[in-house]
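Per-entry structural report
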Number of protein chains: 2
Amino acid sequence: MKAPLVRSPRKAKGQGGERREEILDAALSLFTRDGLHAVSTRQIAEAAGISQPALYAYFATKDDLIADLCVRAFATLSARMAAAKADWTPSQACFDKAMRVYIDFGLENPDAYRVAFMIEKSHDGTFLARTGGRAMQAGVEAFGAFLGMVADLQAHGLTLDDDPERLTQTLWAALHGLVSLLVARPEFPWVERESLIAAHIAMLRRGALRPG
Amino acid sequence: MKAPLVRSPRKAKGQGGERREEILDAALSLFTRDGLHAVSTRQIAEAAGISQPALYAYFATKDDLIADLCVRAFATLSARMAAAKADWTPSQACFDKAMRVYIDFGLENPDAYRVAFMIEKSHDGTFLARTGGRAMQAGVEAFGAFLGMVADLQAHGLTLDDDPERLTQTLWAALHGLVSLLVARPEFPWVERESLIAAHIAMLRRGALRPG
DNA sequence: AGTGATAAGTTATCAGTGATAGATTATCAC
DNA sequence: GTGATAATCTATCACTGATAACTTATCACT
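Being a predicted model, the structure only gives us computed values, none of them experimental.

1. Side note on the packing of aromatic side chains
- According to the stated counting rule, one finds 16 aromatic pairs over all chains in the structure shown.
- Ring geometry for A:W172 against B:F188: centres 5.0 Å apart, planes inclined by 65°, an arrangement best described as edge-to-face. On the criterion of chain membership, the pair formed by A:W172 in helix α7 (residues 164-184) and B:F188 in the loop between α8 (164-184) and α9 (193-208) is interchain, its members lying in two chains. Here A:W172 matches B:F188 in class, with each residue buried.

Right, here's the structure in full:
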């Protein structure tokens, strides 16, 4: 029993670049409300005020449209990481802050996060190569800022693991685990979320950085 | 371009309990080969040697069938954790060993692990809710063995977080992150796997347990 | 203004999906 | 045998993502 979104009145044609963004906006709104696989291309088209086949003039497939939303989302992650880098110093406090930025992004953009890191690779590898790969690449690129921070910490002798790449991967994995489980299993009887996140970050800090 | 599985010859009817298991076996085999969302109920039925609507005599929905596979996978993990508890002592060495058991399970049973922990939830939450939480219950059971070990460590004053449930959840999340990323993104340029796993466990030990 | 090219959008339709209805067959107690 | 019951079938539904073929709006250029 979902209340249908109001259909936009048919727009004038030939607005080229804008229409593509309108479709993405409409799709994001529906995906956020109903979930990725519960939204059909017909619903997206109706919300965007065009016919369903018209979507395929802008996006080769539905997955392609989703990947575009992912790239969009990870652009915001990149922006946040850049902002976090603005007042960066190689310190424990900044380490905590950087971890927090990543976790918050994942929790606030669960669909984009899922597409980038949690979707099964298809057997023939088509999705990852053509579509999911773009999303994952955007995610890894945004995460590259993390590697820079870890390398900086290591350069100042603050890390316990002397291989910054390996340390970055273990930290990434640990962060991803928390985000993906919270996203995929919200029904699990988690302890209070803020407390869990804080404890997780504290554990990673103790395990990764020299005390003091 | 998928080679279809050979259709099983039609079995005698009325074998009740066995047929359900046969369907689950066929489904897991197909899911393993082609991925969850690429396998249709018709393919499952054909591999099981029955007609497609016959599935619905055993499973209310496709998600229900998947949930049953979930229960199976969780049960396997529970058995492994129980076995690991046999020669348990509250020590750093046993902590490391327990972490290793979990990671090894995930890497040795990537398909079961995917089914258990990496399936996309349906947005309305019916996936885990509709089976009366059977999958979740099996998950909590496997989780329980883990919680027991952490609680024992905490009782002996070895942990840095005084809330064993919260600590268990952060450790679980960190382990899950490594396993799920290695399983879902094997093409990523990871550092050498054994080194990565060892560094991950070492980081978790330092972050969770008192030094010494 | 008129004309043709092009871009954008349309209707009609496809094969495949999960799921349901109703007829049909096998099995078993009597 | 016979009826009841359980298991399974065929036929079909509404819906999905995607494609083909046709139509219309827009614009540069005569």
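2. Digging into the interface of chain B and chain A
- Chain B puts 53 residues into the contact, and the matching count from chain A is 51 residues.
- Of the roughly 4600 Å² buried between chain B and chain A on both sides combined, carbon and sulfur atoms contribute 65%.
- Our count for the chain B to chain A interface comes out at zero salt bridges.
- Counting across the interface, chain B meets chain A through ten residue pairs in polar contact (both at pLDDT 80 or more).
- Contributions of two or more residues to the side of chain B that touches chain A are made by α1 (16-34), α5 (110-117), α7 (134-155), α8 and α9 of chain B.
- Considering every element that reaches the side of chain B that touches chain A, the biggest residue donor is α8(B), with 15 residues.
- Each residue belonging to the side of chain B that touches chain A can be placed in one class, and the counts come to 29 nonpolar, 13 polar and eleven charged.

3. Side note on the pattern of salt bridges
All names here are of chain A.
- Using the criterion set out here, one finds 21 salt bridges over all chains in the structure.
- Across the pair R100 and E194 runs a salt bridge, and its minimum N-O distance is 2.9 Å. Here R100, found in helix α4 (residues 92-108), pairs with E194, found in helix α8 (residues 193-208); they are 94 residues apart in sequence, far enough to count as distant.
- Via salt bridges that share partners, E21, D25 and R72 belong to a single interconnected network.

4. Here we look at the domain arrangement of chain A
All names here are of chain A.
- If you check the domain split of chain A, you get domain 1 (1-59) and domain 2 (61-208).
- Residue-level contacts link 14 residues of domain 1 with nine residues of domain 2.
- A buried area of about 1100 Å², summed over both sides, lies between domain 1 and domain 2, and 66% of it is on carbon and sulfur atoms.
- Among the residues domain 1 hides against domain 2, the three largest losses belong to L24, L36 and F59. Together they make up 48% of the total.
- There are three salt bridges connecting domain 1 and domain 2.
- Summed over the shared surface of domain 1 and domain 2, the number is five residue pairs in polar contact (both at pLDDT 80 or more).
- Broken down by element, the side of domain 1 that touches domain 2 gets its largest block of residues, nine residues, from helix α1 (residues 16-34).
- Partitioned by chemical class, the residues of the side of domain 1 that touches domain 2 number nine nonpolar, two polar and three charged.

5. A look at the relation of the copies chain B and chain A
- When chain B is fitted to chain A, the best match, at an RMSD of 1.5 Å, comes from turning it 176° and sliding it 0.7 Å along the axis. Here the copies are linked by what is in effect a two-fold axis.
- By residue overlap, the copies meet face to face through one surface: 92% of the interface positions of chain B are interface positions in chain A.

Thresholds applied
Residues numbered from 1 in each chain as written. Chains lettered and ligands numbered in written order. Predicted model: local features only at pLDDT ≥ 70, side-chain atom pairs only at ≥ 80, totals over all residues. Heavy atoms only, no water. Phe/Tyr/Trp six-rings, centres within 6.5 Å; stacked < 30°, edge-to-face > 60°. Helix = DSSP H or I, 4+ residues; strand = E, 2+ residues; numbered from the N terminus. Buried < 20%, exposed > 50% of the residue type's maximum accessible area, 1.4 Å probe, protein only. Contact = heavy atoms within 4.5 Å. Buried area = accessible area lost by both parts, 1.4 Å probe. Salt bridge = Lys/Arg side-chain N within 4 Å of Asp/Glu carboxyl O. Polar contact = N/O pair within 3.5 Å; in protein donor to acceptor, adjacent residues only side chain to side chain. Nonpolar A, V, L, I, M, F, W, Y, C, P; charged D, E, K, R; others polar. Domains from an automatic or database assignment. Least-squares fit on C-alpha atoms with pLDDT ≥ 70 in both.

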